[in-house]
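Residue strings, one per chain:
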Amino acid sequence: MLVTTLLSSAIVLALAGLMLMQQATASIVETKKATSLAEATSIHSFMQQQLRAPEMRNIAVTEQLIRLTDLARAQAGQYKVVIQGPASILVSSGITPDSVPESLRREVDDGDGLFITPTAVGYSDGSPTEPAWAIGTVLVDSVGERFPVYYIFPMTSEVATLDALRDAVLTTGAAILAALTLIAYLVTVQVVRPVRRASQTALRLASGNLDERMAVRGTDDIASLAVSMNQMADDLQERIRELETLSLVQRRFVSDVSHELRTPLTTIKMAADVLHEKRSSFEPVTARTAELMSTEIDRFDEMLSDLLEISRFDAGAATLTLDEVDLTQLVSSEVEAQRAFAESQDTQLLFEADGPATAQVDARRIRRILRNLIVNAIEHGEQRPVEVHVASDDTAVAVTVRDRGVGFSAAQSAQVFERFWRADPSRTRIIGGSGLGLSIALEDARLHGGWLTAWGRPGRGAQFRLTLPRNPEHELTSSPLPVIPTDLEARRTS
C-alpha cells in the first residue's frame with residue numbers, strides 16, 4: 001500500500017507539476033509576446049520619426065542609423081536592435097547578428113508590417129544563449145530608402161521567473177509527496193495491524209491453539225472481522241471437540257470389542273481345533289463343515305489381531321523395540337518362510353541382495369511388513385515370478401517386492417494402503433486376510449520414520465518399495481532403490 005501510494009502520488013504530482021509549468025510557461029511567453037509587440041510598435045514609431053526629422057536630413061544615412069542604434073544601447077536592459085544598414089549590419093549591446101532568424105529576414109524583405117518569431121539570442125562575449133522574441137519591420141528614410149530593422153526582446157526575467165516557479169513546484173511536490181507517504185503509512189498501520197493480528201490468530205488456531213481469540217474494539221469493519229474470527233474459532237473448536245470425542249469413542253469401541261471378543265474367540269477356536277483334528281472320523285459333509293469353520297475362525301482371529309494393532313496405532317500407543325538388524329538376512333529368512341506358499345501357488349520366488357544392509361529397526365514389525373508384501377505379491381502375481389530385492393546406501397536401506405500380475409492403476413497407488421481396500425473386489429482370496437495388512441504395514445513403516453510406496457499398472461504387475469533410515473534420528477531424503485521397476489526403466493531407456 002505504501003509503495004502504491006508513493007508511486008501513484010509521485011505520478012499525479014509529476015503530471016500536475018508538468019501541467020502547471022506548461023500553463024505558466026505558455027502564459028508568460030504569450031504575455032511577453034504581447035508586451036514585446038506593443039513596445040516594438042512604440043519604439044518603431046519613435047525611430048521612424050527620428051529618421052525623418054528635418055534635422056536628420058543633412059546627416060548621412062549610416063550616421064543616422066548609428067544614432068538610432070546608440071539609442072537602443074541606452075535601453076539595453078529592455079530590448080536589442082539589429083539594423084541592416086546600406087553598408088553593414090548595426091548591432092546593439094554586443095549580440096551577434098545571427099540572433100535574427102533567417103526566416104524573419106525573408107519575411108521582412110518580402111512584405112510590410114511587423115513580423116514576430118521566437119529566437120535564441122547569442123552574445124558576442126560567449127555567454128549562453130537565451131530565448132527571446134524577434135520582431136522585424138522596415139525603417140524608411142525621408143527619401144524612401146528601406147532599412148530592415150529587428151527588435152530583440154530577451155526573456156531573461158521570464159526565464160528566471162520560470163526557474164523560480166519550477167524550483168517551487170519541485171519543493172512543494174516533494175513536501176506533498178512526503179506528507180502523502182506519511183498519511184498512507186499511518187492509514188496502512190491502522191488497517192494492517194488488525195489484519196496482521198487476525199492472521200497471527202488464524203495461524204495459532206491452525207497450529208492447534210483453539211483457545212486463541214481476537215480482541216474486539218469498536219464497531220467498525222475490523223471489529224466485525226474480529227467478531228467473525230472469534231465465532232469461527234468457537235465453531236471450529238466445538239466441531240473438533242465433537243470429532244475428537246467421536247474418534248475416541250470409536251477407538252475405545254474397537255479396542256473394547258476386540259478385547260471382549262478375544263476370550264470367547266479363544267474358546268471357540270479351541271473347540272474348532274478339536275473338531276478339525278477329528279474330522280477324519282466325520283461324514284464328508286460334517287468334515288468339510290469342520291474345515292470351513294476352522295479356516296474362518298483362523299481368519300477371524302487374524303482380523304481381531306489386526307484390529308487390536310490398528311487401535312494401538314490410532315491411540316498412539318504403538319512403540320518400537322529397536323535392534324541393529326541386517327535387513328538382508330531378515331528378508332532372506334522371510335522369503336524362505338513364504339517359499340512353501342509360493343510353491344503351492346506355482347509361483348517362483350526370487351531373492352536378490354546387493355550385500356549387507358544393517359539398520360536399527362524393530363525386527364517383528366519389519367517382518368510383518370515383508371510378510372504382507374510377499375503374500376500379496378504371490379496372491380496377485382498370476383503364477384509369474386515374484387522378485388524381492390534388498391539394497392542400501394550410506395543413510396537408508398530399501399526392499400522392493402515385484403510381481404507381474406493383475407496390478408492396479410496409477411490413481412490407485414495411494415488407495416492400496418486404505419483399510420479394507422481391494423484392487424479387485426470380485427477376486428477370491430487364496431488365503432484368509434483381514435484387509436488391514438497394507439494399512440498396518442504403512443503404519444509400521446511410518447513408525448520407523450520410513451516410506452512405503454507402491455507402483456502398479458493394470459496387467460503389468462506391481463512393485464512395493466519399503467525404505468527405512470539406518471538411524472531413526474536421520475530424516476529420509478532418498479531411497480537406494482527406485483519405485484518404478486528397473487526392467488521397465490531399462491525398456492524405456494532402450
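All figures in this text were calculated on a predicted structure; none of them were measured in a lab. (Residues numbered from 1 in each chain as written. Predicted model: local features only at pLDDT ≥ 70, side-chain atom pairs only at ≥ 80, totals over all residues. Heavy atoms only, no water.)

Trainee: Hey, could you run me through the overall build of the protein chain in this one?
Mentor: For the protein chain, the count of helices and strands is ten helices and twelve strands. Burial status across the protein chain gives 37% buried among its 494 residues. Looking at the protein chain as shown, the accessible area adds up to about 27,700 Å², and 56% of this sits on carbon and sulfur atoms. (Helix = DSSP H or I, 4+ residues; strand = E, 2+ residues; numbered from the N terminus. Buried < 20%, exposed > 50% of the residue type's maximum accessible area, 1.4 Å probe, protein only. Areas by Shrake-Rupley, 256 points an atom, 1.4 Å probe, with all protein chains shown as cover.)

Trainee: What is the right way to look at the sheet that holds strand β10 (residues 396-403) in this model?
Mentor: Spatially, five strands are ordered β7-β9-β10-β12-β11 in an open sheet, and the strand pairing comes out mixed. On the outer flanks of this sheet lie β7 (349-353) and β11 (451-457), each paired with one strand and no other. For this sheet, the mean inter-axis angle between neighbouring strands, taken without regard to orientation, is 15°. Looking at chain direction, β10 and strand β12 (residues 461-469) are connected through eight bridges and run antiparallel. The residue of β12 that forms the bridge with Ala 398 is Thr 467. Sitting on the sheet, helix α7 (residues 327-344) touches β7, β9 (386-392) and β10, and the angle it makes with β7 is about 175°. Taken strand by strand, helix α8 (residues 363-380) contacts β7, β9, β10, β11 and β12, and its axis lies near 20° from that of β10. (Pairing = 2+ DSSP bridges. Axes fitted to C-alpha atoms, helices over the stretch in contact; angles between N-to-C directions. Contact = heavy atoms within 4.5 Å.)

Trainee: Honestly, the nonpolar core in this entry has me stumped. Any pointers?
Mentor: Across soluble globular proteins, nonpolar side chains have a tendency to be buried as a group. Within the largest apolar cluster, 38 residues are counted, with the highest numbers of intra-cluster contacts made by Leu 327, Val 331, Ile 366, Val 388, Phe 417, Leu 452 and Phe 464. For this core, the element with the most residues is α8, which contributes eight residues. Residue contacts for Leu 452: discarding those within four places in its chain leaves Leu 373, Phe 417, Ala 441, Leu 442, Ala 445, Arg 465 and Leu 466. Grouped together as the second largest cluster of nonpolar side chains are 16 residues, Val 81, Leu 139, Phe 147 and Val 149 included. (Core = buried A, V, L, I, M, F, W, Y, C linked by side-chain atoms within 4.5 Å.)

Trainee: What should I look at first to understand the confidence of the model for the protein chain in this one?
Mentor: As a note on interpretation, predicted positions should not be read in detail where pLDDT is low. Residues with a pLDDT of 70 or more make up 87% of the protein chain, whose mean pLDDT is 81. Across the protein chain, the secondary-structure element scoring lowest on mean pLDDT is helix α10 (residues 486-493), at 59, and the one scoring highest is β10, at 94. (pLDDT = per-residue confidence, 0-100.)

Trainee: Explain the packing of helix α1 (residues 2-52) against helix α4 (residues 156-206) here, please?
Mentor: Two packed helices can be described by the angle between their axes and the distance between those axes. The interhelical angle for the contact between α1 and α4, taken along N-to-C directions, is 160°, at an axis separation of 9 Å. Our classification of the angle between α1 and α4 gives roughly antiparallel. The hand of the α1/α4 crossing is right-handed. (Parallel < 35°, antiparallel > 145°, perpendicular 65-115°, else oblique. Left-handed = near helix turned anticlockwise from the far one by under 90°.)

Trainee: Looking at this structure, I do not really get the environment of Val 12. What am I missing?
Mentor: Looking at the element boundaries, Val 12 is found in helix α1. Taking the C-alpha atoms as reference points, Val 12 and Gly 173, 161 residues apart in sequence, are found 9.8 Å from one another.

Trainee: Just checking my understanding: could you explain the pattern of salt bridges for this structure?
Mentor: A pair can form between side chains of opposite charge whenever their charged atoms are brought close. A full pass over the atoms with the stated rule returns 13 salt bridges. Glu 336 is the partner of Arg 339 in a salt bridge, and the nearest nitrogen-oxygen pair spans 3.0 Å. Here Arg 339 pairs with Glu 336, and both are found in helix α7, just three residues apart, close to one helical turn. Across the salt bridge formed by Arg 368 and Asp 444, the nearest N and O atoms sit 3.0 Å from each other. Taken as a pair, Arg 368 in helix α8 and Asp 444 in helix α9 (residues 437-447) lie far apart in primary sequence, 76 residues in all. Of the two residues examined, Arg 368 and Asp 444, each falls in the buried class. Through salt bridges with shared partners, a single network forms among Asp 362, Arg 365, Arg 368 and Asp 444. (Salt bridge = Lys/Arg side-chain N within 4 Å of Asp/Glu carboxyl O.)

Trainee: In this structure, what is going on with the sheet that holds strand β2 (residues 89-91)? I would like to understand it.
Mentor: Across a sheet, paired strands are connected by hydrogen bonds in the backbone, their directions being either parallel or antiparallel. Strand order in this open sheet of five strands is β2-β1-β5-β4-β3, and the pairing throughout is antiparallel. The strands lining the two open edges of the sheet, one partner per strand, are β2 and β3 (115-121). If you compare each strand with its neighbour and ignore which way they point, the axes differ by 25° on average. Here strand β1 (residues 80-84) pairs with β2 via three bridges, running antiparallel. By the bridge assignment, Val 82 is partnered in β2 with Val 91. Against the sheet, α1 engages β1, β3, β4 (130-140) and β5 (146-154), with an angle of about 30° to β4.

Trainee: I tried to follow a positive patch on the surface on my own but got confused; where do I start?
Mentor: Taken together, the side chains of Arg 193, Arg 196, Arg 197 and Arg 217 define a basic patch exposed on the protein surface. Inspection of the secondary structure puts Arg 217 in the loop between α4 and α5 (221-277). (Patch = residues over 30% accessible without salt bridge, like charges linked within 9 Å, V, L, I, M, F, W, Y side chains within 5 Å. Lys, Arg positive; Asp, Glu negative; His and termini not counted. Charge placed at Lys NZ, Arg CZ, Asp CG, Glu CD.)

Trainee: For this particular structure, what's the right way to read a negative patch on the surface?
Mentor: Taken together, the side chains of Glu 102, Glu 107, Asp 109 and Asp 110 define an acidic patch exposed on the protein surface. Structurally, Asp 109 can be placed in helix α3 (residues 102-110). Residue Asp 109 is classed as exposed on the basis of its relative accessible area, which comes to 53%.

Trainee: Looking at this structure, I do not really get unusual backbone geometry. What am I missing?
Mentor: Glycine aside, the phi torsion of most residues is negative, and most peptide linkages are trans. A positive phi angle is found at Glu 382, which is not glycine, with a value near 60°. Relative to the helices and strands, Glu 382 resides in the loop between α8 and β9. Unlike most non-glycine residues, Gln 383 shows phi in positive territory, near 60°. Structurally, Gln 383 can be placed in the loop between α8 and β9. Residue class for Gln 383 comes out exposed when judged on its relative accessible area of 51%.

Trainee: How should I be thinking about the environment of Val 386 in this particular structure?
Mentor: Looking at the secondary structure, you find Val 386 in strand β9. Distance from Val 386 to Leu 349, taken between C-alpha atoms, is 5.0 Å for residues 37 residues apart in sequence. In this view, Val 386 contacts Thr 347, Gln 348, Leu 349, Leu 350, Ala 377, Ile 378, Val 401, Arg 402 and Asp 403; residues no more than four positions away in its chain are not counted.

Trainee: I would appreciate a short explanation of the packing of α8 against α9 in the present structure.
Mentor: Across the interface, α8 lies against α9 with an axial gap of 9 Å and an inter-helix angle of 145°. Both α8 and α9 take part in a crossing whose hand is left-handed. Residue-level contacts link Arg 365, Arg 368, Ile 369, Asn 372, Leu 373 and Asn 376 of α8 to Gly 437, Leu 438, Ile 440, Ala 441, Asp 444, Ala 445 and Leu 447 of α9. Class assignment for the residues of the contact of α8 with α9 results in seven nonpolar, three polar and three charged. (Nonpolar A, V, L, I, M, F, W, Y, C, P; charged D, E, K, R; others polar.)

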